[in-house]
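Commentary on secondary and tertiary structure
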Amino acid sequence: MVKGVSDLKSSLKSLAQRVAVKVLLTWERLESGVALDPLSRRDRQYPYDAYKEVRSNDPVHRMRVINGWALTRYEDVDTVLRDHRRFSNGGRSFTGLGPETLLDLDPPDHTRLRSLVSKAFTPRSVASLTPRIEQVIEELLDEIGKRERFDLIEDFAFPLPVIVIAEMLGVPPEDRAQFKVWSNDIAITVEPIIPDDRAIRLEKSTFELFEYLEAIITAREKSPQDDMISALIAARDNEDRLSHDELLGTLVLLLVAGNETTRNLIGNGMLALLKNPDQLQLLRESPELIDDAIHELLRYDSPVQLDGRLVTEDVEIGGKRLRANQRVISFIGAANRDPDAFANPDALDITRQRKSNLSFGRGIHYCLGAPLALLEGKKAILALLERFPSMRLVSEPTYMDQLVLRGVGELLVEVS
């Protein structure tokens, strides 16, 4: 009986939310002629038609459902992402349940914290990881190569970045499977709307991960190792340059954010190539194009579709007045397909003259792990093409039902 009442209340709450969203979308459309529906499953599966409609008709769009401004042009998004003074990242917790991270901070705290972590992600530091990344890739491919059919996400795109970042941090190999669960659950926190069931899992996994990391930190305090956790502990203890909460938040961010985005880079990229066989064949024949190809894949179907900021002072963009304390949402996926920035933007072209895509952000919040993600993505895709020349899709994949982080839940392929 109690469960029945609970289910009824949940259903009524869901119905009320859908009605409220419909009213707000009607308001949006009456104001501007277009609307962006964050709950639309169709648009989550393929958002680019909706982006195009808004960009063409109302590029600086009042988005009533999440009470913010939606920017869809390359120039506008680029401007906002670069300007941390007028468009602040501060005051929003990455998980909403624990310590703030680099994603939540503005200078001077952001500058101090980033300087401590960035040494592990310089081009030279990342390049030193190349032999180990190549070894991990070969080990994963050896295992899945025993089968004629496999899930490219589950068996390859996800474990690769998990193994790499776990080894950098100093996490034992036997704990990687648990990190996959925690990463999946915690990644939902960046979404503007979180279903009740996912919120429960988010809270549980966040506290479990914090508890686990506390134990690792305690162990490293007693016996430092040659790993990033030990280095960050040393920074914490050196003139209080890093608080304990900042240490925890940084570790959570590195474990979760990097895994999700790199997985989606590989998965989205391989899906785009498999659906564009001319480009796939071109890259097979000319692997030296991989640098341009990886940036084109990032542009074509970005792993991160949007980024939010808070307006700190009244500002005008595209003839619209954005007021202090209003939210502004930069739709990176829309900006990366802006025809004013990229000719024929809906076509995949790995020979495209490179214009900087916005997938890793801009300014002080440019993705810290970009060099590592690029290296893993390039090595992974080239290895897949070389190892499996007959790879083909088994079925049409379904994207995860998310607005911010875009990636397929599974990518079934055959290689016989």
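Higher on the page you've got the structure.
The sections below set out a description of the structure shown in this document.

Cut-offs and rules
Residues numbered from 1 in each chain as written. Predicted model: local features only at pLDDT ≥ 70, side-chain atom pairs only at ≥ 80, totals over all residues. Heavy atoms only, no water. Buried < 20%, exposed > 50% of the residue type's maximum accessible area, 1.4 Å probe, protein only. Helix = DSSP H or I, 4+ residues; strand = E, 2+ residues; numbered from the N terminus. Pairing = 2+ DSSP bridges. Salt bridge = Lys/Arg side-chain N within 4 Å of Asp/Glu carboxyl O. Contact = heavy atoms within 4.5 Å. Polar contact = N/O pair within 3.5 Å; in protein donor to acceptor, adjacent residues only side chain to side chain. Phe/Tyr/Trp six-rings, centres within 6.5 Å; stacked < 30°, edge-to-face > 60°.

Next up on the list: the pairing of strand E8 (residues 327-331). Regular strands place side chains that alternate from one sheet face to the opposite one. Most of E8 sits out of view: four of its five residues are buried. Where strand E5 (residues 306-311) lies against E8, five bridges are found, and the strand directions are antiparallel. By the bridge assignment, Asp307 is partnered in E8 with Ser330.

Tallying each qualifying case throughout the model produces 35 salt bridges. Notably, a salt bridge pairs Arg201 with Asp185, separated by 3.3 Å at the nearest N-O pair. Of the two residues, Arg201 sits in helix H11 (residues 196-222) while Asp185 sits in helix H10 (residues 176-186), which places them 16 residues apart along the sequence. For the salt bridge of Lys275 with Glu396, the shortest nitrogen-to-oxygen distance reads 2.3 Å. Taken together, the residues Lys275 in helix H13 (residues 244-275) and Glu396 in the loop between strand E9 (392-393) and strand E10 (412-414) connect sequence positions 121 residues apart. For Lys275, a relative accessible area of 42% puts it in the partly exposed group. Counted as one network, the salt bridges with shared partners bring together Arg132, Glu139, Glu167 and Arg176.

As paired elements, strand E3 (residues 87-88) and E5 share two bridges and run antiparallel to each other. Bridge assignment links Phe87 to a residue of E5, and that residue is Val311.

The next subject is the sheet that holds E8. Pairing is mixed in the open sheet, where five strands are placed in the order E1-E2-E8-E5-E3. Strand pairing shows two members of the sheet lacking a second neighbour, strand E1 (60-63) and E3, which therefore form its edges. As defined by bridge partners, strand E2 (residues 68-71) adjoins E8 across four bridges and the pair is classed as parallel. Within E8, the residue paired with Trp69 across the bridge is Val328.

So, on to the environment of Pro345. Mapped onto the secondary structure, Pro345 falls in the loop between helix H16 (332-335) and helix H17 (370-387). What makes Pro345 buried here is its relative accessible area of 11%. In this structure the C-alpha to C-alpha distance between Pro345 and Tyr300, which are 45 residues apart in sequence, comes to 7.7 Å.

We now examine the environment of Arg64. Relative to the assigned elements, Arg64 resides in the loop between E1 and E2. Here Arg64 falls in the buried class, since its relative accessible area comes to 18%. Sequence separation between Arg64 and Ile137 is 73 residues, and the spatial gap between their C-alpha atoms is 45 Å. The residues contacting Arg64, other than those within four sequence positions of it, are Leu24, Trp27, Glu28 and Glu31. A polar contact of 2.7 Å, which involves the side chain of Arg64, links it to the side chain of Glu31.

Following the criterion strictly, the structure yields nine aromatic pairs and no others. Relative to Tyr51, the ring of Tyr48 lies with its centre 5.6 Å away and its plane at 80 degrees, an arrangement referred to as edge-to-face. One end of the pair, Tyr48, and the other, Tyr51, are both in helix H3 (residues 48-57), three residues apart, so they sit about a helical turn from each other. Tyr48 gets classed as buried once you look at its relative accessible area, which sits at 4%. Taken together, a centroid distance of 5.4 Å and an interplanar angle of 80 degrees make the contact between Phe179 and Trp182 edge-to-face.

Now for the sheet that holds strand E4 (residues 149-151). One open sheet holds the three strands; their spatial order is E4-E10-E9, and the pairing between them is antiparallel. Single-partner strands in this sheet number two, and they are E4 and E9. Relative to E10, E4 is paired through three bridges, and the arrangement is antiparallel. Within E10, the position partnered with Phe150 by the bridge is Val413.

For helix H12 (residues 228-237), the tally of buried residues reaches seven of ten residues, placing the bulk of the element in the interior. Among all positions of H12, only Met228, Ile229, Ser230, Leu232, Ile233, Ala235 and Arg236 are buried. With a side-chain oxygen lying 3.3 Å from the backbone nitrogen of Ile229, the N-terminal cap of H12 falls on Asp227.

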